[in-house]
Structure formats: structure tokens, C-alpha cells
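# Understanding the architecture of this molecule
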Amino acid sequence: MNEHHLTHLKELESESIFVLREVAAQFEKPALLFSGGKDSIVCFHLARKAFAPAKIPFPLLHIDTGHNFEETIIYRDDLVSKYGAQLIVASVQDSIDTGRVTEEKGFYASRNVLQTVTLLDTIENYKFDALIGGARRDEEKARAKERFFSHRDEFGQWDPKNQRPELWNLFNGRKNIGEHFRVFPISNWTEMDVWQYILQEQIEIPSLYFTHERECFIRDEVIYAHANVIPLKPTEKVEKMQVRFRTIGDISCTGAVLSIASTLQEIVNEVAATRTTERGSRIDDKRSDAAMEDRKRLGYF
Amino acid sequence: MAKTTKHPTPNSQHPTSSYLEMDMLRFTTAGSVDDGKSTLIGRLLFDSKSIFEDQYKAVKATSKKRGDAYLNLALFTDGLRAEREQGITIDVAYRYFATPKRKFIIADTPGHVQYTRNMVTGASTANAAIILIDARKGLVEQSKRHSYIASLLRIPHIIVCVNKMDLVDYKEDAFKKIKKEYEELALKMNIPNVHFIPISALEGDNVVASSKSMKWYKGRTVLNLLETLTIPTAEITDNARFPVQYVIRPMSNEYHDYRSYAGRITGGVFKPGDAVTILPKGLSSKIKSIDFAGNSLPEAYSPMSVSFTLDDDIDISRGDMIVKSDNKPVVTQDVELMVCWMSDKKLQANRNYTLKHTTNEVRCLVKEVNYKVNINTFDKMEDEKIVGLNEIACITIRTAMPLITDKYAKNRITGSVILIDENSNATVGAGMII
């Protein structure tokens, strides 16, 4: 390879850092959406690099559904104290308690949809004007249409048929009062890129991503973690399985995969050989063919 | 396609070592409606084993539900509900795939005239453009428009795919006729590297595998060409440019007096010790260090994101540009642009816009519309002074503050601007400095 030529991971890193610095320069009150999943962890890592040796000039924002894996919360708190980051936690439980949203009922009850309200309320309360997210275009067909700088109207809504053209590296973050932007610095990364980067940079990730023994049950061909927030049907039986998670979301909508991958290298090998997409184990995407587009229009991540 | 819908085993593709050494090619696809762009991309993804099992199942189910006679490869790329309903591509969709040689980013852009602005969007960052032409129809207005845009945006490689060869019985004459016609067009447009491939996206001929039905064609397949095209080495030239994006000041005891200028290099190579000029003021200094993520680097080049510290304490802020003193860009308030118009609200003289150029944002006034371009004949229409949606024109503007410019032909980043409507904040124009 040419001596003045970047590898694709270096080029992606450089592009993402450019985007993160644009956010810091163009907006008054940005925040980085942090779920404790690998994509937001990579965004955090990139933000540290972008502003070094200064600290990241915006807080982390965690929309806490209360349906978390315990390991995610431990990881989040360790990270915040290790790097002295600012953390804001907004709770879906609070939105339920104050009557902003109503809890879903039944075996498939999830707080996934509810968190959009919590998110938009938090944006309003803190007057955030840009929210950085770890969504990637390769994840899902509606996300494939996203801009780096994605405009949201005063209701937090996305209008996918009328997006601003995004040319060269000129990002138009101009807006009226009450509107905000979602910004996706790792838009051009694939799942494989993310794992390769985590391996290359030796980034710490939650233990959930590595193989472990866990009490699980199977529903609709998906392996669920057994947890209080997911009621079992009479026919469903809990058993110990050797699993890991490819994505981390709510415990009620994240499926596990059978795996014995215990190192980053083994995860990379597994991802390279896999025959299904990572969102194939996300129950939140399965509600309909356009589930993600519909949620995104309303202001979802 | 109907004959071979067995799902291939996805890549157990890249051993880690080679994956870490891969480079990246960004390309865009263009062509008229129904020329088969989405089908071609679906075919590239499918035959390069980049389609996952669950995606395949979903598309197969949808194809069946819609009553398509064959697996509808276009469904792999159309993302929005309205696109699937209408069977057309409305907005740019980005797709990703990798072979053991290279990672690819595809900007799949719409063919309809009213979405031309999205083609410009996809083209602005592309290193190659695939232009599809229907073998039965030959060059149509959209193929000319898209070729003109590709040449205007200086996409280094154009790949003309003459598609639907299966519908002209794979005849060499049909291909040759279009090739000749296009070569004449390319001469008028200053397109340097044109490649021609006869394909059938539907049947898979010459996309990933060589065609058995067109033995007369001895050239590369589409994928093979994409894997081997030279990517311009990040515009390594003597035009070293560093637009300042953000000032890093840690405000901590450990880094009490630290101040660095963050940005992305948009041309050339910088090293510590280089004599530099800071524009627009024209002050001189030397690079003390090039910092990245807590380390100092021996050199940095386009398109790296880094930060510079300088020997002298100078007031520098976002919008300034650090350049090597031996090769300076032009600092000016009067700029001539080729502009692609992207709004229903027409462009004309005496209108004000906000202009973005590198990390700079200034107001500007349109002094004059010099001419519009007839994209069929490429003639200059000097009497036409009002520019509508999807039209291309040459304009002269004056900016409220100086811009630090290169010609677009020299540098795609320091030579490009966008125009923003001051009421709606919409991006309404894409401009290239001439």
C-alpha cells in the first residue's frame, strides 16, 4: 500500500473524528447518546481521540429504560469514573410515573418504543441542540438513508423524503429554535469495521459481548435472557446456555447467540463467518417491515 | 435470476490480517429510471456473498408477496416505505460490502429527474461512478445529465455499464454502437478515464462473474474493475491545506498552556518544522508538532484528522486555513462558481445566501448568473438568467468575508461550497469554484 494512503479503518476513524469536531464547533449544546453498546462505546472512544488532550466537550446521555442488563450499567459507571466524563441519565420509569407514557402489556411488552418520549422530553429539558448517536447505515434499511447531520423538526420528527443534500464534507447544521440534529459519526462503518476497530484499538467492552453461561429461554426462534421483566409463557422453559450478545439493547428486546467466543479475535472470526445480520436478533425491528423507519420518523434513535 | 436463486454461502471472507490492510473505494451509481441500478447493486451484493440469510429470506418473501416473477434484487437496496411501494429509489441509500481486496461504499442514487440533487450528493464524495445505459434505448437525456454531473464533480473514474444485454441477444454491435456514441460525448465533457462493460444485472453477466453469453467481451467484470481501480492517493499534491475546524484548549493544570488547532488535512503532506502561512491574515509560523490522540506524529497527510501546534502564539480560529508557505491558495471575496441548483425557489441575481466553504460560513450575494448549461448539448445559454431546480449554471458571487480558495479542478474540498437558504436553512445549491 502506498506510503501516503490510509487503510479503510484509518480513513473511517478520520472521517468520524471530523464529524465529531464539527458537532463541537457548530452546536451550542450537544450530547453523546450512550447506551453501553459497542457502537456508542466506539463513538466515545473516537470523541476522546478527537479532543485529546482536552476532555470531551459534551456530556454522555443515557436513556435508561430500567430494563437493562446489569453488566451494562456497571460498565457505564466504570467508564464514566475512569475518564471523568459527564453523564446524564434520563429514566423511562420517570416518564411512566409521571404519566407521559403508558407501559405496554403482554408477553411482548417492551419499553423500546416508550423511550422516544423520554428522549424527546430530555432534549427539551436540557435544550440539547445536537445528539450524537452510534447508528450505522449498514444496520437497517431506514438507517441506510440517514445523513451524518440529520435534521429533526420541533416535534423531533424525521422527514426522510425531504432531507438536506449532504455534499463533500460540508455539513449544514443550521436550524430554527426548538429544532435539533441527530448526528451519526460512524454512519459509514459496518459491524465488521466496528469489531475490527475494537480489536485494533483494544477497547474495553462489556462482558456481555463475550461468551458466558446464562439462564435463557427460546421464543420465536430467538434466545432471550431470562429476566423478571419478561413474563414466560407456560410452554417456555428456562435452561442454561453458553451465549453471548451481538448487540446490546434492552433485555426485553435483545436476543443472544450461542457462542464460545471468549476473545476479541474470536468475536471477529465469528462475525466474519456469520450468516445473519446483527439486527436479526433484535425483536424491536421485527414488529413490521418498516418498524425502524416508523420509529425514526417519530424521533427514535 | 430465476434460474439461480440458490443462496450462496456468505463470505467467511477476510482473514483479519488482510482486512486490516484493506483500502476503501467510494462509488456511486447513476442512470435513468428502470435502467436497473438497484438491480445491479443487488447483484453485486448477492454474487459477492454480502447478503445475509435473514435479508435474503425477507426479500424473497416480499418478492413472492408482490408477485414478482423472479427474486427482486432491487429490494435489497430500497429502504423507505414509499420506495418499496412505488418501486423506485427516492433518496440516496448507502450500501457497504467488502471483498478480500477492498471495502466499498456505494451511494445508490435516484434516477428520476426530480431527485437529481441526490445524484449530486452521491457523486460529491465518489471516486468512481457507474453509469448504466439500457442496451435497447442507448443514450438518453438522463445518461447525459448524469455524465455531465460526474464530469463536473470530477469523479476520477467513469464506468459505463451497458445493461440489459440479454434483451438484445448479447449482440456485440449493440454494445459497440453505444460505446462509440458515449466516447464522442466524453470528448465534449472532459471525462478522463472511461471504462465500458456490457452486462446483464438481472442475469449476472459480467457483474461478478464473466459472461458465458458474451465471449466477444475480453475485459474485466464490474467487480474486478472496482477492485483494481486506482484510488487517487488522497490528492497528494503540493497543495498542502489544513482548514482549522476547532481549537483544542484543555484548561487543565497538566496542559496549562496547550493550544492546538484541530482539522482534517485536505491536501498534501505536513511535517513538524514546515514553514506555514495562516490565512486569511497571512501570518507566518512553523509547525511545532502534529498531535493525534495524545501522540505526536512525524508527518500527516490527506485525509487525516489531526491537530497542529505552532511555534508562535497567533490568534487563529475556525475558518482560518494553515497552508505551506511555498504554495498558497487564493484569498478572495469574488468567486465564480459552477452551481447545481437543488431548490424549487429559483436562483437569480441579487439574492443573498449563506455559504459554507471548508470550515467557514459567510453571507454572499449573487452578482450575476453568467450562463446556464444545456445539458443535452453542453451549450452555454447566456440569455438565461433564472436557474431552477436541477439546473446547472455558472454564477459570480461576492462574499461578506474573504474565502480561502482553490479551483475545484485542483482540490475537491477547498474548491467546493454549498449555498443555504437563509429562511428555511435548506441546502439549495452545490457550487464548484472555477
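Nothing here was measured: the structure is a model prediction, and the numbers come from that model.

Time to look at the nonpolar core. The biggest cluster of nonpolar side chains holds 96 residues, and the ones touching the most others in it are Phe149(A), Trp195(A), Phe270(B), Val306(B), Phe308(B) and Ile322(B). Both domains that meet at this core, namely domain 1 (24-228) and domain 2 (236-324) of chain B, each give it at least three residues. Judged by nonpolar contacts, the second largest core, of 50 residues, contains Ala30(B), Phe175(B), Cys340(B) and Met432(B).

Attention now goes to the side chain of Glu15(A). Along the chain, the position of Glu15(A) falls in helix H1 (residues 8-26). Ignoring sequence-local partners within four residues, the contact set of Glu15(A) consists of Phe148(A), Asn188(A), Arg26(B) and Arg264(B).

Residue and element names in this part refer to chain A. Within the fold, Ile96 resides in helix H4 (residues 92-97). For Ile96, a relative accessible area of 17% translates into the label buried. Residue contacts for Ile96: discarding those within four places in its chain leaves Val101, Glu103, Arg111 and Leu114.

With that settled, consider the packing of H1(A) against helix H6 (residues 191-201) of chain A. All names here are of chain A. Put simply, H1 and H6 touch, their axes get as near as 11 Å, and they point 95° apart. Taken together, the axis directions place H1 and H6 in an arrangement best described as roughly perpendicular. Contacts from His8, Leu9, Leu12 and Glu13 in H1 reach Asp193, Gln196, Tyr197, Gln200 and Glu201 in H6. Taken together, the residues that form the contact of H1 with H6 break down as three nonpolar, three polar and three charged.

Residue and element names in this part refer to chain B. Assigned domains of chain B: these are domain 1 (24-228), domain 2 (236-324) and domain 3 (330-433). Look at where the C-alpha atoms of domain 2 and domain 3 centre, and you get two points 29 Å apart. At the interface, 13 residues of domain 2 touch ten residues of domain 3. Between domain 2 and domain 3 the total buried area reaches about 1,000 Å² when both faces are included, carbon and sulfur atoms providing 60% of it. Area buried by domain 2 at its contact with domain 3 is led by Thr266, Gly319 and Met321, which between them contribute 39% of it. For the pair domain 2 and domain 3, the number of links is one salt bridge. Where domain 2 touches domain 3, the interface holds five residue pairs in polar contact (both at pLDDT 80 or more).

The residue after Ala52(A), namely Pro53(A), is reached through a cis peptide bond having omega 5°. If you trace the backbone, Pro53(A) turns up in the loop between helix H2 (38-51) and strand S2 (60-64). Ser302(B) connects to Pro303(B) through a cis peptide bond whose omega is 0°. Here Pro303(B) is to be found in the loop between strand S13 (300-301) and strand S14 (305-310).

Where the parts come together, the accessible area they lose is often given as the size of the interface. Listed as interface residues are 75 residues of chain A and, on the opposing side, 91 residues of chain B. Taken together, the two surfaces of chain A and chain B that pack against each other cover about 7,000 Å², and 55% of this comes from carbon and sulfur. The interface formed by chain A and chain B contains five salt bridges. If you look at where chain A meets chain B, you find 24 residue pairs in polar contact (both at pLDDT 80 or more).

Residue and element names in this part refer to chain A. The end-to-end C-alpha distance of helix H3 (residues 70-83) is 21 Å, a good match for the 20 Å that 14 residues give at a rise of 1.5 Å each. Here H3 has its buried residues at Thr72, Tyr75, Arg76, Leu79 and Val80. All buried residues of H3 lie within an arc of 130° about the axis, which places them on one face of the element. More than 90 degrees from the buried face of H3, the exposed residues found are Glu70, Ser81 and Lys82.

The next point concerns the pattern of salt bridges. Close approach of charged atoms allows side chains with opposite charge to pair. Residue and element names in this part refer to chain B. Across all of its chains, the model carries 42 salt bridges over all chains by this definition. Notably, a salt bridge pairs Glu141 with Arg145, separated by 3.7 Å at the nearest N-O pair. Of this pair, Glu141 and Arg145 both sit in helix H6 (residues 141-152), separated by four residues, roughly a single helical turn. A residue is classified by how much of its surface remains accessible, and Arg145, at 9% relative accessible area, is buried. We note a salt bridge from Lys385 to Glu368, for which the minimum N-O separation is 3.8 Å. One end of the pair, Lys385, is in the loop between strand S19 (380-381) and strand S20 (392-405); the other, Glu368, is in strand S18 (residues 360-373), with 17 residues separating them in the sequence.

Turning our attention to the environment of Ala293(B). Here Ala293(B) is to be found in the loop between strand S11 (283-292) and strand S12 (295-297). We classify Ala293(B) as partly exposed; its relative accessible area is 27%. The sequence separation of Ala293(B) and Asp320(B) amounts to 27 residues, and the corresponding C-alpha distance is 22 Å. Ala293(B) has contacts with Lys49(A) and Ala52(A), leaving out every residue within four places of it along the chain.

Moving on, we come to the sheet that holds strand S2 (residues 93-98) of chain B. Hydrogen bonds along the backbone pair up the strands of a sheet, which may run parallel or antiparallel. Residue and element names in this part refer to chain B. The strand order across the open sheet built from six strands is S2-S3-S1-S4-S5-S6, with neighbouring strands paired in mixed fashion. Whereas interior strands pair on both sides, the edge strands pair on one side only; in this sheet they are S2 and strand S6 (193-198). Looking at each pair of strands side by side, their axes are set apart by 25° on average, direction ignored. Pairing of S2 with strand S3 (residues 102-108) involves six bridges; the strand directions are antiparallel. Along S3, the bridge assignment pairs Arg95 with Ile106. The strands that helix H2 (residues 37-47) touches are strand S1 (23-31), S2, S3 and strand S4 (128-134); relative to S1, the one it contacts most, it runs at about 150°.

Attention now goes to the side chain of Glu166(A). As for its position among the elements, Glu166(A) is in the loop between strand S5 (149-152) and strand S6 (180-183). Among the polar contacts made by the side chain of Glu166(A), one reaches the main-chain amide nitrogen of Phe148(A) at a distance of 2.8 Å. Apart from residues lying up to four places away in sequence, Glu166(A) is in contact with Arg137(A), Arg147(A), Phe148(A), Phe149(A), Phe171(A), Thr121(B) and Ser124(B).

Let's shift gears to the confidence of the model for chain B. Residues and elements named next belong to chain B. Predicted confidence across chain B gives a mean pLDDT of 87, with 89% of residues reaching 70 or more. Below pLDDT 50 for its whole length, residues 1-15 participates in 41 contacts with residues either more than four positions away or in separate chains. As a predicted assembly, this complex carries a pTM of 0.91 together with an ipTM value of 0.89.

We now examine the packing of aromatic side chains. Counted according to the given criterion, the structure contains 27 aromatic pairs over all chains. Note on Phe175(B) and Tyr217(B): the rings are 6.3 Å apart at their centroids and 80° apart in plane angle, and the pair reads as edge-to-face. Residue Phe175(B) is located in helix H7 (residues 172-189), and its partner Tyr217(B) is located in the loop between S6 and helix H8 (222-228); the two are separated by 42 residues in the primary sequence. When its relative accessible area of 7% is taken as the criterion, Phe175(B) is described as buried. Residue Tyr217(B) is classed as buried on the basis of its relative accessible area, which comes to 15%. The interplanar angle of 70° and the centroid separation of 5.5 Å between the aromatic rings of Trp341(B) and Tyr353(B) together place this pair among those described as edge-to-face. With Trp341(B) in strand S16 (residues 330-341) and Tyr353(B) in strand S17 (residues 352-357), this residue pair connects regions lying twelve residues apart in the sequence. For the residue pair Trp341(B) and Tyr353(B), the accessibility class agrees, reading buried in each case. By the ring-pair criterion, three or more aromatic residues cluster together here, those being Phe18(A), Phe27(A), Phe148(A), Phe149(A), Phe171(A) and Phe181(A). Cation over ring: Arg137(A) sits above Tyr94(B), and NZ or CZ is 3.8 Å from the ring centre.

For the rest of this paragraph, the subject is the pairing of S14(B). Residues and elements named next belong to chain B. Burial analysis of S14 places six of its six residues in the buried class, which makes it a mostly covered element. Burial along S14 is two-sided: the face carrying Ser305, Ser307 and Thr309 and the face carrying Val306, Phe308 and Leu310 are both buried. Relative to S14, strand S8 (residues 260-264) runs antiparallel, the two being bridged by four bridges. Paired with Tyr261 across the two strands is Phe308, which belongs to S14. Bridging between S11 and S14 involves four bridges; their strand directions are antiparallel. Pairing of Ile290 across the sheet is with Phe308, part of S14.

Calculation rules
Residues numbered from 1 in each chain as written. Chains lettered and ligands numbered in written order. Predicted model: local features only at pLDDT ≥ 70, side-chain atom pairs only at ≥ 80, totals over all residues. Heavy atoms only, no water. Core = buried A, V, L, I, M, F, W, Y, C linked by side-chain atoms within 4.5 Å. Buried < 20%, exposed > 50% of the residue type's maximum accessible area, 1.4 Å probe, protein only. Domains from an automatic or database assignment. Helix = DSSP H or I, 4+ residues; strand = E, 2+ residues; numbered from the N terminus. Contact = heavy atoms within 4.5 Å. Axes fitted to C-alpha atoms, helices over the stretch in contact; angles between N-to-C directions. Parallel < 35°, antiparallel > 145°, perpendicular 65-115°, else oblique. Nonpolar A, V, L, I, M, F, W, Y, C, P; charged D, E, K, R; others polar. Buried area = accessible area lost by both parts, 1.4 Å probe. Salt bridge = Lys/Arg side-chain N within 4 Å of Asp/Glu carboxyl O. Polar contact = N/O pair within 3.5 Å; in protein donor to acceptor, adjacent residues only side chain to side chain. Expected span 1.5 Å × (residues − 1). Arc of directions from axis to C-beta. Pairing = 2+ DSSP bridges. pLDDT = per-residue confidence, 0-100. Phe/Tyr/Trp six-rings, centres within 6.5 Å; stacked < 30°, edge-to-face > 60°. Lys NZ or Arg CZ within 6 Å of the ring centre and 35° of its normal.

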